[in-house]
Structure formats: structure tokens, C-alpha cells
Amino acid sequence: MTLPWGLFLALLAVTSAETPGCKIRVTSKALDLVKQEGLKFLEQELETITIPDLRGSEGPFSYNISEVKVNKLQLVQSELYFKPNHDLILYISNASISLHFRRELLYWFLKIYEFLSTFIISGMGFLLDQQICPVLYHAGLVLLNSLLDTVPVRSAVDQHVGIDYSLLNDPVTSASNLDMDFRGAFFPLSEANISLPNQAVEPQLQENERMVYVAFSEFFFDSAMDSYFRAGVLRLELVGDKVPKDLDMVLRATFFGSIILLSPAVIDAPLKLELQVLAPPRCTIKPSGTTISVTAGLVIALAPPDLPQVQLSSMTMDARLSAKMALRGKVLQAQMDLRRFRIYSNQSALESLALIPLQAPLKTLLQIAVMPLLNERTKRGVQIPLPEGIDFVKEVVTNQAGFLTIGADLHFSKGLREVIEKNRPTGDHGPTSSPPQSVAPTS
């Protein structure tokens, strides 16, 4: 029995001149794994087909074939490969199937059994052809597309921002890989229509050694930080006991004169620190590493209960963070470390000199109070556009000029059937074309 057919899996996109913030390359090395899971799913689907009874009469004999069940199905020869302009093709030939059925035969001449056998086999083959084609079509274009529907296109990352992985162009297929360009842009949930213009270098993918490659430009990370800035969450307030005791003592000693001059009555009031990022941070990716530049304002004040706060100083802080990216499962994570830090006064150069003794204690404040909060958020990460049940493993991160790439292999953390059954379209009960209850073959 031969079943030649092509399965074309294509992600529809509107052609756009927009520069992608994220690119994904699937190489031919991934196809063996995908084919193994895909064929297993197709075999399970075909084993559930319902074959109608075969009954009738032909000349001197009558027949009734009923209770037909598929015992075993083997897709002996198959190929899954990329084809330019066709995306992905699955070709199956020389499939074999074992059936169990109940037969009732009535014939008047003793030497026609071989003819009967040939007749019945040809009839069963006709019925199988009528059943299998709709099942293959349904499995390929309906059920497997339900798997593609689990790829996050535009979704919330947390309660503040979302991510847009819209496909910018149709996938580009060569004999060895399939390349996809994604917008890769974050946005504040409160202003979903706002998008940072992408003026970054376009990421490039040249490698083919791993199953899959993902590339992120500086824009990808800039849009994330811009969105959090617009959402108003890049700020921190420490009051009273939240201020480290050592820093509290240093600050009170530093501004003792100001306290006496401004409001001696509140000298014992709780200390308050207001830290707020003044502009969206910016990401710089070089072969030597990834850095994040941040400029923030710091207000130091006394906060007496039920009274207006008394401002002691206002200063600007410039910080440079190093960022180490990692891919876990299908989540992109980042670990931040404070590398450079300086403070200066908003009032005068003379006051900036007076703030030099605060440089070290304020840097310590950032390291013990701010960086852990930041890393707690970046560790939760953001999901990469990959179907449910498929994860990245053995990932390697490489920094380039203006973008970074991650090469990895694929792993099915869930069976294909499990994921498809979970996401099966509502009301889907199989192929739309239902065969008749009983069919007689033509001689």
C-alpha cells in the first residue's frame, strides 16, 4: 500500500519592511526528531479510523465483512525535509497495515476462494484509501495547526508588559534550514499600541550545526526596558527600617548640618530614599559582553509621620550593569551585576564633591537592595516563540556586534498527542468527510 503525500506547514505573515528584533532558524538536524514524533502521532491517528462494513453479492456468491479494526500500522518509508518555496514536506510511502475483521462468505463453487480473497482485499484497499486520506489531511492541517496555535504571538509577560512575536515575513526555506523573522518587541499593557522604533542592527544567523538558532538584537532588550519604564515600575522607595542601618547612619551624619538648618524638630524622623529611573535604560551588545546603561535620580529625605517630608538632597546616579543571558527550557533569562557606578549633584559641582563619601555606601545599597529585586524579575524571563511541549536543551550563547545568538537542540518534554489533545479545537471530532456506513466495491 502506497501513501504518497506532502504536508506543508506554513506560518502566514504579511510582508513588512520592519527590521526583526528576533530571528529563529530551524536546521535540518531538527527534522529527524520532529519526524519521529510526528509519525508516531500519525500512526496513532490512523489506528483509530473507523472502517465501514463491506457487504454485497457478486455472481454466485455473497459476502459480509464486518467489525473491521486496525491492529497495527507501520509507516515504513518516510522523509521530512525542507524544500524552497514549500517550507516543510513530509513524504510517506510503502506503509503497511494489519486488519482484524469478521467475514461471512456464501458461494456455490468450491474453486473460487482465491478470486474471493483478491476481490475482498481490493475492496478493503478501496475502503482504506477512502478513510486514510481524510485522516491524514485532518491530522496535518487541523490537529498539527492546533499545535502551532500554542506558539505565543502577542501575549502578556507579567502584569505590566507584553511581548509581540508577530511574524514579519513568510518563512524563508533553503535545502538545509528554515528562517523566520519575528517583530520581537515588548509593549506596556496600559499602552498596547505604543511601540519603540527599531533602529538597531538586524541580527544575522549563519550557523547550521545545531538543531535551532535564536538571535536577539539590542532592540529586543531596549523595547523591554522602554516598556517597563513607560509602565512606571522602574522605581524603588525605601523608608525607615527598609534603609540599611549602616547607610542610615552615614546619611544622617553627612546631612546633619542640613537637618539642623532645615528642620531640627524632625531630626529623628525616619529616613526615606526615592530611587527612580529617569530615562529608558539602553542595552549594548558586543563580542566582549552585554551591558545595560541606567540613569536614575535619588532623593534623600526625612519622612516624619503626618507631616510633609523634608528633602535633604537630590542627586543623579549613573550605573552600568553587565547582563548574562541564558535559555532555560523555552524561557530567556538574564542575570545582572553592577559593574560601574557614580553619583553627582543636580545643584552644583561643589556639592558633587561633597557627595564622594556616599559613593561606596550607595553602591552597596544598590547591590544588597536593588540588584536582588531586579534579578528576581529577570530570572522569570520571557518565553521564546516555540510550540508547547518543545524545549531547548544544551544551549550556547554567543555575543556578536549588536546582537546575540543562542544555538540549542530540541527536546519534546511532552508527547505530541498529549499537547494536541489538550489544544484540540472545540467541537473537533475528526475529519469532516464521514464515509457511508457500508460500501460495496466495484468489480
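Below: a short report on this structure. (Residues numbered from 1 in each chain as written. Predicted model: local features only at pLDDT ≥ 70, side-chain atom pairs only at ≥ 80, totals over all residues. Heavy atoms only, no water.)

**Quick look at the sheet that holds strand 8 (residues 177-182)**
Which entries qualify depends on this criterion: In this scheme, strands are said to pair when DSSP sees at least two bridges between them. Each helix is a run of DSSP H or I of at least 4 residues and each strand a run of E of at least 2, with the numbering of both proceeding from the N terminus. Contact definition: two residues touch when any of their heavy atoms are within 4.5 Å. To obtain an axis, a line is fitted to C-alpha atoms, over the contacting stretch when the element is a helix, and the angle between two such axes runs from 0 to 180 degrees between their N-to-C directions.
Strand order in the open sheet made by the 6 strands is 7-8-1-10-19-18, with antiparallel pairing throughout. The strands lining the two open edges of the sheet, one partner per strand, are strand 7 (172-173) and strand 18 (390-399). Of the pairings in the sheet, the one linking strand 18 to strand 19 (residues 403-412) comprises 8 bridges and is antiparallel in character. In the strand pairing of strand 19, Val397 is matched with Ile406. In the packing of helix 1 (residues 31-46) onto the sheet, the strands contacted are strand 1 (22-27) and strand 19, and the crossing angle to strand 19 comes to about 35°.

**Observations concerning the layout of surface pockets**
Inclusion rule: Cavities and pockets were defined on a 1 Å grid built over protein atoms only: a cavity is a set of grid points that admits a 1.4 Å probe from which the probe cannot escape, a pocket is an open set flanked by protein on both sides within 12 Å along at least five of seven lines, and lining residues are those with an atom within 4 Å of any such point. Grid points are joined across faces, edges and corners, and a volume is the space filled by probe spheres set on the points. In this classification, Asp, Glu, Lys and Arg are treated as charged, Ala, Val, Leu, Ile, Met, Phe, Trp, Tyr, Cys and Pro as nonpolar, and every other residue, Gly included, as polar.
Considered as a void within the structure, the largest pocket measures approximately 1200 Å³ in volume. Surrounding the largest pocket, 42 residues form its lining, Tyr228, Leu234, Leu374, Arg377 and Thr378 being those nearest its centre. Listing elements by their share of the lining of the largest pocket, those giving two or more residues are helix 3 (218-230), strand 11 (235-239), strand 12 (271-277), strand 14 (289-302), strand 15 (310-328), strand 16 (331-345) and helix 7 (359-380). Sorting elements by how many residues they give to the lining of the largest pocket places helix 7 first, with 9 residues. When grouped by side-chain class, the residues that make up the lining of the largest pocket number 31 nonpolar, 6 polar and 5 charged.

**Side note on the packing of aromatic side chains**
To be explicit about the condition: Put simply, two rings from Phe, Tyr or Trp (the six-membered ring, in Trp's case) pair if the centres are within 6.5 Å, and we call them stacked under 30 degrees between planes, edge-to-face over 60, tilted for the rest. Burial status follows relative accessibility: with a 1.4 Å probe on protein chains alone, a residue under 20% of its type maximum counts as buried, one over 50% as exposed, and anything between as partly exposed. We call a charge positioned above a ring when the Lys NZ or Arg CZ atom is no farther than 6 Å from the ring centre and deviates by at most 35 degrees from the ring normal.
Across all of its chains, the model carries 5 aromatic pairs by this definition. For the ring pair Phe186 and Phe220, a centre distance of 5.2 Å and an interplane angle of 70° mean the geometry is edge-to-face. Of this pair, Phe186 sits in strand 9 (residues 185-188) while Phe220 is found in helix 3, placing the two residues 34 residues apart along the sequence. Side by side, Phe186 and Phe220 carry an identical accessibility label, which is buried. Each ring, one from Phe220 and one from Phe221, has its centre 5.2 Å from the other, and the planes form 85°; the classification is edge-to-face. A residue is classified by how much of its surface remains accessible, and Phe220, at 1% relative accessible area, is buried. Aromatic ring contacts, followed pair by pair, group Phe186, Phe216, Phe220 and Phe221 into a single cluster. A cation over an aromatic ring shows up here: Arg154 above the ring of Phe187, its NZ or CZ 4.0 Å from the ring centre.

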